[in-house]
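Residue-level structural notes
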Amino acid sequence: MKFQNQHTASIELSTMPQKRPLSNLKPQGAHGFTLIEVLIAMAIFAIGILAVTTMQMRSINQNASARMQTEATTLAVDWMERLLSLPYEDAWLDEAASPYEIQSGNYIIECTINEDPENLGLPIKQIQIMVSNPNPNARNKPVILSSIKGQGQAEGIGP
């Protein structure tokens, strides 16, 4: 009987879980990340996010600039069409009143009228319109349009 107890005790010891050393706490086959690997991955991710953020801010600024340039061009074309549709002797087309400025929203429209700018003796008026944005944050160049308005059919020309 004494022999049987020793055998049972040895069986019980072999089935009990063995204690592992503290240096190897990971189970066999388990893979994970170290703190250094996580920090390096976070640094790379942060640099990528900063690049995307910078690109997004530049895109927003360029879109705002393009919008302002489009608005200025639209105002210049609109005013040019208005002035060209007026009669030749209209007060808006008087060289003595030129140049004049008109405020339209955030933009300043400057109209300049020159009668017979080349001194050729022709009944023509040169109309120049410049639209600018006085906002110091707007880095747009002013929009300048120029056209010529004639009085009508010149003498001696035609059927």
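Residues numbered from 1 in each chain as written. Predicted model: local features only at pLDDT ≥ 70, side-chain atom pairs only at ≥ 80, totals over all residues. Heavy atoms only, no water.

1. Re the overall build of the protein chain
Secondary structure summary: the protein chain contains two helices and four strands in total. The helix and strand sequence of the protein chain, counted from the amino end, reads α-α-β-β-β-β. When each of the 159 residues of the protein chain is scored for burial, the buried share is 16%. Sequence-distant contacts, at least 24 apart, represent 45% of the contacts inside the protein chain between residues at least 6 apart. Entry remark: accessible area of the protein chain is about 12700 Å², with carbon and sulfur atoms responsible for 60%. (Helix = DSSP H or I, 4+ residues; strand = E, 2+ residues; numbered from the N terminus. Buried < 20%, exposed > 50% of the residue type's maximum accessible area, 1.4 Å probe, protein only. Contact = heavy atoms within 4.5 Å. Areas by Shrake-Rupley, 256 points an atom, 1.4 Å probe, with all protein chains shown as cover.)

2. Brief notes about the side chain of K149
Within the secondary structure, K149 is located in strand β4 (residues 143-150). Buried and unpaired, K149 has D90 as its nearest opposite-charge partner, separated by 9.4 Å. A polar side-chain atom of K149 sits 2.8 Å from the main-chain carbonyl oxygen of L84. (Lys, Arg positive; Asp, Glu negative; His and termini not counted. Salt bridge = Lys/Arg side-chain N within 4 Å of Asp/Glu carboxyl O. Polar contact = N/O pair within 3.5 Å; in protein donor to acceptor, adjacent residues only side chain to side chain.)

3. Some thoughts on the packing of aromatic side chains
Geometry of an aromatic ring pair is reported as the spacing of the ring centres plus the angle between the planes. Taken as a whole and assessed by the stated rule, the structure comprises two aromatic pairs. On the basis of an interplanar angle of 50° and a centroid distance of 5.7 Å, the ring pair of W79 and W92 is categorised as tilted. With W79 in helix α2 (residues 35-85) and W92 in the loop between α2 and β1 (100-104), this pair connects stretches of sequence that are 13 residues apart. Here W92 falls in the partly exposed class, since its relative accessible area comes to 41%. Measuring from ring centre to ring centre gives 5.3 Å for W92 and Y100, while their planes differ by 65°; the resulting arrangement is edge-to-face. Among the aromatic side chains, those forming a connected cluster through ring pairs are W79, W92 and Y100. Against the face of W79 rests R82, its NZ or CZ located 4.7 Å from the ring centre. Just above the ring of Y88 sits the side chain of K125; from NZ or CZ to the centre is 4.5 Å. (Phe/Tyr/Trp six-rings, centres within 6.5 Å; stacked < 30°, edge-to-face > 60°. Lys NZ or Arg CZ within 6 Å of the ring centre and 35° of its normal.)

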